[in-house]
Amino acid sequence: MEAQWSLVLFTVISGAGAWLFATSMMGALARKNPLPTKVETIVAIVLLAVGGVASVTHLKHIDRIFEALNHPTSGIFVEAALIGVLIVLALIYLIMLVRKSGESGTRIVGVVTMAIAIIFPFMCGYSYMMEARQAWMTIALPLSYWATAAVAGAGLNLLLKAVAKDEAASVGFAGILTVACSAVAAVCSIAFFVYAGAWLGNAKSGCVAWIVATFACIVIALVAGALAVKKAESATAAGVAATAAGVVCAIALRVAMWLVGTPLLDFFLQPLD
Amino acid sequence: MPSMARNCLVVNLDRCIGCYSCEVACKMENDIAMGERWNKVLQIEPAGVFPDVQTYWLPVQCQQCEGAPCVHVCPTGASYRDEETGKVLVDKSKCIGCRYCMMACPYGVRSWNKEQKVVEKCTMCSHLTSAGEKPACVKNCCGTARFYGDLDDPNSDVSKELAKYPAESIHHLPDVGNGPISAYILSPKIAKWAGEDVHQTTSKYMTTEGSVD
């Protein structure tokens with residue numbers, strides 16, 4: 001099956017934005033860094049918005065989008081609802097930061113935003129679990145969507161903290177999160193591709209190259225995260241490498257997923273392009 | 001409250017001669033563009049070793065699944081089950097063109113209307129059946145191999161035709177939880193049903209040669 005690039009970019013960009021906020025908030029909860037900053041929150045909101053715009057580019061009748069209110073249990077509706085709630089919550093959080101609201105209130109909004117930010121990338125992958133695409137019928141698919149987006153978001157969190165010259169503890173913890181997300185992404189991606197491997201013979205050409213790219217970039221992100229932990233005071237380059245590798249691994253996994261998504265039967269042979 | 005009808009097509013492959021009339025009739029009746037189709041005849045290629053070879057033709061269209069995945073994934077309710085007739089239909093005025101239903105259909109029997117940019121499919125000629133007529137593919141089948149009606153009505157054409165055959169001759173396309181109700185009749189003496197092996201059906205034995213555009 002052909003890669004659907006607008007959907008690939010949607011889940012990668014918005015997933016990275018969601019995980020940027022989530023990982024920064026994790027650092028705050030672990031008392032390694034202050035609450036997510038204005039810059040981090042704005043970058044997260046922009047990424048969520050850009051990802052959302054990318055998602056609608058594959059629709060041919062955007063004028064009818066409000067018909068989605070007719071079927072609030074579909075995967076697309078759930079994704080749209082989650083990204084909408086996430087953007088609103090992040091905006092509320094940003095306003096509270098700007099207005100210098102009380103820390104406990106801001107923290108509570110941050111935690112709720114983080115929770116939605118963690119759920120959202122998983123649900124983006126969960127929508128693809130359909131019997132017609134047997135290679136996708138595994139919980140490892142949404143988990144690998146979730147985890148590879150986390151690598152991109154964690155890498156971006158590391159980069160922003162390194163550029164902002166945060167304290168070593170803050171940058172070091174961002175590096176630890178990058179390593180952890182990369183390790184989880186490796187496990188989830190292995191699980192997905194082992195399962196989907198049975199359909200590899202019918203996959204579109206180039207699938208294996210994208211799978212190799214997925215794991216190569218996960219390793220690069222993991223090493224970059226580890227270097228940031230070791231040299232927290234000069235971690236900008238590691239942050240750039242982790243972000244780039246995280247984004248590419250997330251893209252590569254999704255493209256491979258589309259290419260291996262052979263239909264159960266395809267009688268009309270109608271391409272989705 | 002009366003239960004929903006289970007209207008569907010039944011195709012007797014023992015009688016199908018592979019003339020493609022159903023394909024042509026469908027395209028003519030529903031004004032379907034070149035390269036698009038709601039119904040397609042496949043040749044399940046000769047299998048076996050000479051002189052014991054066999055082949056049959058398999059017309060495919062929407063299977064009217066009981067747990068229709070297309071209805072489940074449609075974000076707008078454009079793909080829906082009609083409460084009166086039980087048919088799975090598409091309200092094109094609600095379709096946003098996301099094509100999730102095409103991804104979710106286990107048989108790839110949904111069609112993309114390039115001009116209107118919406119998904120379409122076999123309606124079992126709702127405009128005809130609602131007026132008491134038969135679908136165009138049924139009316140025009142020169143082998144009298146196609147039947148339309150309610151499976152829950154013992155006096156319907158589909159029920160009466162299925163009742164003539166033993167269970168071993170009645171088949172459905174592979175079911176992955178979607179529950180296709182459209183049925184095929186193929187007696188072992190004519191050919192061995194190849195639909196159980198989905199991989200063979202897609203890669204080894206199925207050809208579309210002769211199918212009309």
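Residues numbered from 1 in each chain as written. Chains lettered and ligands numbered in written order. Predicted model: local features only at pLDDT ≥ 70, side-chain atom pairs only at ≥ 80, totals over all residues. Heavy atoms only, no water.

What follows deals with the overall build of chain A. Secondary structure summary: chain A contains eight helices and zero strands in total. Sequence-ordered secondary structure for chain A, helices as α and strands as β, is α-α-α-α-α-α-α-α. Relative to a compact globule of 273 residues, whose C-alpha radius of gyration would be 19 Å, chain A shows 19 Å and is just as compact. In chain A, the proportion of contacts linking residues at least 24 apart, taken out of those at least 6 apart, comes to 80%. If you sum the accessible surface of chain A, you get close to 10900 Å²; carbon and sulfur atoms cover 73% of it. Within chain A, the 12 negative side-chain charges are centred at a point lying 10 Å from the centre of the 15 positive side-chain charges. (Helix = DSSP H or I, 4+ residues; strand = E, 2+ residues; numbered from the N terminus. Rg over C-alpha atoms; globule rule 2.2 N^0.38 Å. Contact = heavy atoms within 4.5 Å. Areas by Shrake-Rupley, 256 points an atom, 1.4 Å probe, with all protein chains shown as cover. Lys, Arg positive; Asp, Glu negative; His and termini not counted. Charge placed at Lys NZ, Arg CZ, Asp CG, Glu CD.)

What follows concerns the overall build of chain B. Tallying secondary structure elements over chain B gives seven helices and 11 strands in all. The C-alpha atoms of chain B give a radius of gyration of 17 Å, which matches the 17 Å a tight globule of 213 residues would have. By principal-axis analysis of the C-alpha atoms, chain B measures approximately 55 × 40 × 35 Å. The 213 residues of chain B split such that 57% are buried. Relative to all contacts within chain B whose residues are 6 or more apart in sequence, the contacts with residues 24 or more apart total 57%. In chain B, 22 side chains carry a positive charge and 26 a negative one; their mean positions are 2 Å apart. (Buried < 20%, exposed > 50% of the residue type's maximum accessible area, 1.4 Å probe, protein only.)

All names here are of chain B. Scanning the entire structure with this criterion turns up 15 aromatic pairs over all chains. Relative to tryptophan 193, the ring of tyrosine 56 lies with its centre 6.1 Å away and its plane at 20 degrees, an arrangement referred to as stacked. Of this pair, tyrosine 56 sits in strand S3 (residues 52-60) while tryptophan 193 is found in the loop between strand S10 (183-185) and helix H7 (198-203), placing the two residues 137 residues apart along the sequence. One residue, arginine 99, lies across the ring of tryptophan 112, its end atom 4.4 Å from the ring centre. (Phe/Tyr/Trp six-rings, centres within 6.5 Å; stacked < 30°, edge-to-face > 60°. Lys NZ or Arg CZ within 6 Å of the ring centre and 35° of its normal.)

Turning our attention to the interface of chain B and chain A. Counting residues at the interface gives 47 residues for chain B and 34 residues for chain A. In total, about 3500 Å² of surface goes out of reach between chain B and chain A, with carbon and sulfur atoms giving 64% of it. For the chain B face of the interface with chain A, the top three residues by lost area are Ile96, Tyr100 and Met103 of chain B, together amounting to 22%. Counting the contacts that link chain B with chain A gives 16 residue pairs in polar contact (both at pLDDT 80 or more). Residue assignment for the side of chain B that touches chain A shows that the elements contributing at least two residues are strand S2 (40-49), S3, helix H2 (69-73), helix H3 (100-104), strand S6 (111-113) and H7 of chain B. For the side of chain B that touches chain A, the class distribution of residues is 26 nonpolar, 13 polar and eight charged. (Buried area = accessible area lost by both parts, 1.4 Å probe. Polar contact = N/O pair within 3.5 Å; in protein donor to acceptor, adjacent residues only side chain to side chain. Nonpolar A, V, L, I, M, F, W, Y, C, P; charged D, E, K, R; others polar.)

All names here are of chain A. As a packed pair, helix H5 (residues 140-163) and helix H8 (residues 236-259) sit with axes 7 Å apart at the nearest point and diverge in direction by 160 degrees. Taken together, the axes of H5 and H8 are roughly antiparallel relative to one another. Viewed along their axes, H5 and H8 form a crossing whose handedness is left-handed. Looking at side-chain class alone, the contact of H5 with H8 contains 19 nonpolar, seven polar and one charged residues. (Axes fitted to C-alpha atoms, helices over the stretch in contact; angles between N-to-C directions. Parallel < 35°, antiparallel > 145°, perpendicular 65-115°, else oblique. Left-handed = near helix turned anticlockwise from the far one by under 90°.)

Residues and elements named next belong to chain B. The topology assignment puts lysine 160 in helix H6 (residues 157-163). Look at lysine 160 and you get partly exposed, because its relative accessible area is 45%. With sequence-adjacent residues up to four places away left out, lysine 160 is seen in contact with Pro154 and Asn155.

Take the pairing of S3 of chain B next. Sheet topology note: the S2 of chain B/S3 of chain B ladder contains eight bridges and is antiparallel. Paired with isoleucine 44 of chain B across the bridge in S3 of chain B is tyrosine 56 of chain B. (Pairing = 2+ DSSP bridges.)

The next point concerns the sheet that holds strand S1 (residues 7-12) of chain B. Residue and element names in this part refer to chain B. An order of S8-S1-S10-S9 is seen for the four strands of this open sheet, with the pairing classed as mixed. Two strands lie at the open edges of the sheet, namely strand S8 (146-150) and strand S9 (170-171), each paired on one side alone. Summarising the sheet, S1 and S10 pair through three bridges and their orientation is parallel. The partner of asparagine 12 across the bridge, within S10, is isoleucine 185.

We now examine the pattern of salt bridges. One pass over the structure, following the stated rule, counts eight salt bridges over all chains. The salt bridge partner of glutamate 103 of chain A is arginine 107 of chain A, with a shortest N-O separation of 3.2 Å. In this pair, glutamate 103 of chain A and arginine 107 of chain A both sit in helix H4 (residues 103-126), four residues apart, roughly one turn of the helix. One salt bridge connects glutamate 66 of chain B with arginine 6 of chain B, and the closest N-O pair in it is separated by 3.1 Å. Linking glutamate 66 of chain B in the loop between S3 and H2 with arginine 6 of chain B in the segment before S1, this pair joins segments that are 60 residues apart in sequence. Each member of the salt-bridge network shares a partner with another, and the members are Arg6, Glu66 and Asp152 of chain B. (Salt bridge = Lys/Arg side-chain N within 4 Å of Asp/Glu carboxyl O.)

Let's shift gears to the side chain of threonine 138 of chain A. All names here are of chain A. Take threonine 138: it is sitting in the loop between H4 and H5. What makes threonine 138 buried here is its relative accessible area of 11%. Reaching out from threonine 138, the side chain makes a polar contact with the backbone nitrogen of alanine 140 at a distance of 3.0 Å.

Attention now moves to the confidence of the model for chain B. Scored by pLDDT, chain B has a mean of 91; 92% of the residues are at 70 or more. Two numbers describe this predicted complex: its pTM, 0.90, and its ipTM, 0.86. (pLDDT = per-residue confidence, 0-100.)

We now examine the nonpolar core. Counting residues in each nonpolar core, the largest one holds 112 residues, and the members touching the most others are Trp136, Trp258 and Phe267 of chain A together with Leu58 of chain B. When sequence neighbours within four positions are dropped, the list of residues in contact with leucine 58 of chain B reads Phe267 of chain A together with Leu13, Lys40, Val41, Leu42, Ile44, Leu173, Tyr184 and Trp193 of chain B. With 13 residues, the next largest nonpolar core counts Tyr20, Cys22, Cys26 and Val138 of chain B among its residues. (Core = buried A, V, L, I, M, F, W, Y, C linked by side-chain atoms within 4.5 Å.)

The subject of this paragraph is the environment of lysine 231 of chain A. Mapped onto the elements of the fold, lysine 231 of chain A is located in the loop between helix H7 (207-230) and H8. In sequence terms lysine 231 of chain A and glycine 172 of chain A are 59 residues apart; their C-alpha atoms lie 7.9 Å from each other.

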